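Observations on the model geometry
Listed here are the chains, written in short residue letters.
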Amino acid sequence: MTVDGTTEGTGPEDALGIDAARSACVLIGVDHYSELEPLRSVRHNLTELAAALTDEAILGIPAERITTVRNPESAAALVGPIRAAARVAADTLIVYYAGHGLLDRAEEELYLTLPDSVEDQPETAVSDSYIRRAMRDHGSAERRVLLLDCCYSGRVLKGGMSVADRGVRASGKTLKGVRGAYVMTSTSADRKSHAPDPRRCTAFTGEFVGVLREGVPDGPELLGLHAIFEAVRDRMAERRLPQPQEPQDRDEGGVGLLPFIRNLAVVPPLRVTGPPVAPRVRIPRRALATGALVLGLVAGLAAPPVWQWVRELHPRLPGGACSPRATLLSYSDALDKQQASGETIGGLSALALTGPGQALAMTDNQAGRAFPLCLGPPEKLRPEALTAKTLRTQSGTKPSEWFDGEGLVVERGGKTILVASESGPAIRRFKMATGTQVGPDLPMPPEFRTSPQGQGQAGRTIESLTVSPDGRHLYAAMEGALAKDGDSRGRNMLRIQRYVGTPGGAYRLDRQYAYQAKEGMYLAELTASADDRLLALERQYVDGVGNAIRVYDVPLKGAQPVDARKALYDQPADVFVEHSLLFDLGQCPAGDPGVVPTHSGRIVSPLLENVEGMALGAPWTAGPHKGQRPLYLVSDDNTNSEQTTRLYALSVQLP
């Protein structure tokens, strides 16, 4: 017997109406748009819903049978995975979409949006009929379930579930011709859906996942889709939203009444065999939570489910000690896939401070474009981008698209900037006011150029540029090793070129230092912390794993110059500058699961993105971080939907 008195082997965990192992699911979400407002919450939707559906305590769909489609760029990219899943699903096919919904009022049809969709231009979006046809006309699944979280999503229910007409024009023609179908929508046909907090799921999906994970108090041990719908509708009614939002559902063939998930509010977490026990006394969830919290505070033993419930209400946010000398203060994705004066913000690969709470960010994917940024307080970043400054040649023309700006220095006085281009490579000076180049390129060691002129690797030349606080020394570093220098057991042997000169004036080649990166890492950025001390940012990316981002303290005092040495691969260890780890970004506290949006396939910290830019501020003279210094990092999204433009603020303790 089980704890609830049912016979062994016939308990609720064996009585679900669907076979999860023979089912398949497609989760589709669009979170960034070129014309419409971004929907940051959708990222959380995909992560949280996938985690709940694969949880064996709830439903247990195998992870390999769930396909996540984020920001599909075409109708084919959105619909194709549905057809593929329909062919795999023998029991139940589940399709979920979250994003903006557009209504074609002339045709009274719902359109699901893509990243480049434009309001009142239905040809830029995907008709909901395409989704329904893909679900209906492919495969042999016994049941089809459609979940829509978008504005006007209730439009798909117009006309009922069994319309005889097989046409696809009217959005009411739902999943006809299958054994059973169920549709749940986030709102009615004429109402919008809401996403009040970009750090969390949308209102509807948040409550839907909440019911999956928390169950329904006083409900049955197994919940059907209609019972889940009723619980979600009740929870939505209690929320304070800008406008009413009432979910809708429609059933054909009794699919909504079929046991779908285990009700975690009443199903025991463990199977315990033995004699029958007294019937369970059910206590309302709020009373149970309050009592458990009181007992926990008195006895020091709070029940884990209660603390889990409290944590869901107040999730831990990212931030805290990354190392003894570094603390993550905040991060922000507010710039991701956004625009400033009609120009897309992306490909940010260099960062330089221009004043308190202000910075300049250089793009490497658009010919010579620098965005002024207002950062906001480091404890709560709120970055905003202003109109970008386009850099131009001395004749006033735009640089080639191969300019590839990777390093940035704002010179003393703020009238000029120095920009390092990986192509060439080259270092050039530009006027801040006009964006035009001033004077000739700075001298470049011949071996830094790519083959056949030099020894540099294409795409791995000058990646970083920084200036000492006194403005006397300029430092430029190679990302990858010169052909003649090589590596040692996967550790790139790199050269840092020091220049000597005056701010706004001429700089000449001075000396080189040898720097050995860690295994598999590349040198992505430098910033000077003192006249003879640097911070070095090392970066690595492994497909399917993600990024590694580490920052090192690099003292140069007493370091041996290596500009006269023909190669580095045969040099003794003491030739290379010493450097110690300041912090590993992957070790910074990332908060509770799902708080930081991430991408599928990443198995390291969700905080990690493709960081390429770094800027160091002056020491704080007061406050909780007195004596420490603000350090800002920015990631390069490579104008890729699977990467994010992310800004970080840390407090670091430096010598």
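Right, let's walk through the structure included here. As a convention, each chain's residues are numbered from 1 in the sequence order in which they are written. For a predicted model such as this one, the threshold for reporting local features is a pLDDT of at least 70, and the threshold for listing and counting side-chain atom pairs is 80 or more; totals across whole chains, interfaces and linings nevertheless cover every residue. To get the side-chain values, take all heavy atoms of the structure and skip hydrogens and water.

Attention now goes to the side chain of Ser188. Starting at the N terminus, helices and strands are each numbered in turn, a helix being any DSSP run of H or I of at least four residues and a strand any DSSP run of E of at least two. Structurally, the position occupied by Ser188 is in the loop between strand S8 (181-185) and helix H4 (203-214). You can call Ser188 buried: its relative accessible area is 16%. What qualifies as a polar contact is a pair of N or O atoms within 3.5 Å, subject to a donor-acceptor requirement within protein and to the restriction that residues adjacent in sequence count only when both atoms come from side chains. Separated by 3.1 Å, the side chains of Ser188 and Asp190 make a polar contact. Not counting residues within four places of it along the chain, the set of residues in contact with Ser188 comprises Tyr152, Ser153, Gly154, Glu246 and Gln248. Partly exposed describes any residue whose relative accessible area lies between the buried limit of under 20% and the exposed limit of over 50%, with all areas from a 1.4 Å probe on protein chains only and scaled to the type maximum. Residues are treated as being in contact if the distance between any of their heavy atoms lies within 4.5 Å.

Before going further, it helps to examine the pairing of strand S17 (residues 358-363). Of all six residues in S17, five are buried; the element is thus mostly enclosed. When DSSP finds two or more bridges between two strands, those strands count as paired. Pairing of strand S16 (residues 348-355) with S17 involves six bridges; the strand directions are antiparallel. Note on S17: the bridge partner recorded for Gly355 is Gln358. The antiparallel pairing of S16 with S17 creates a hairpin that spans two residues between the two strands, and Gly357 there sits at a positive phi of about 70°. Here five bridges tie S17 to strand S18 (residues 369-374), and the two strands are oriented antiparallel to one another. Looking across to S18, one finds that Ala361 is bridged to Phe371.

For S18 and strand S20 (residues 389-390), the ladder comprises two bridges, and the chain directions are antiparallel. Bridge pairing in S20 places Arg369 opposite Thr390. Pairing of S18 with strand S19 (residues 384-385), which is carried by two bridges, proceeds in the antiparallel orientation. Opposite Cys374, over in S19, you have Glu384 as the bridge partner.

Okay, unusual backbone geometry next. Going from Gly424 to Pro425, the amide bond is cis rather than trans, its omega being -15°. Examined against the element boundaries, Pro425 turns out to sit in the loop between strand S22 (416-421) and strand S23 (426-431). For the bond from Ser451 to Pro452, the omega torsion is 10°, close enough to zero to count as cis. Despite not being glycine, Asn638 has its phi angle at roughly 55°, a positive value. Turning to its location among the elements, Asn638 is positioned in the loop between strand S34 (629-635) and strand S35 (647-652). Judged by relative accessible area, Asn638 falls into the partly exposed class, the value being 37%.

Here we come to the packing of helix H2 (residues 75-88) against helix H3 (residues 128-136). Axis definition: a line fitted to C-alpha atoms, over the contacting stretch in the case of helices. Angles run 0 to 180 degrees between N-to-C directions. Where H2 meets H3, the closest approach of the two axes is 8 Å, and the angle between their N-to-C directions is 20°. Relative to H3, the element H2 lies roughly parallel. Crossing geometry of H2 relative to H3 is assigned as right-handed. Seen from H2, the contacting residues are Leu78, Val79, Ile82, Arg83 and Ala86; seen from H3, they are Tyr130, Ile131, Ala134 and Met135. Each residue receives one of three labels: charged for Asp, Glu, Lys and Arg, nonpolar for Ala, Val, Leu, Ile, Met, Phe, Trp, Tyr, Cys and Pro, and polar for the others, Gly being one of them. Its residues placed into classes, the contact of H2 with H3 shows eight nonpolar, no polar and one charged. Throughout this description, any angle smaller than 35 degrees is read as roughly parallel, any larger than 145 degrees as roughly antiparallel, any in the 65 to 115 degree range as roughly perpendicular, and the remainder as oblique. Helix crossings are classified by the rotation of the near helix relative to the far one: an anticlockwise turn of less than a right angle makes the crossing left-handed, while a clockwise turn makes it right-handed.

Structural measurements only, silent on function.
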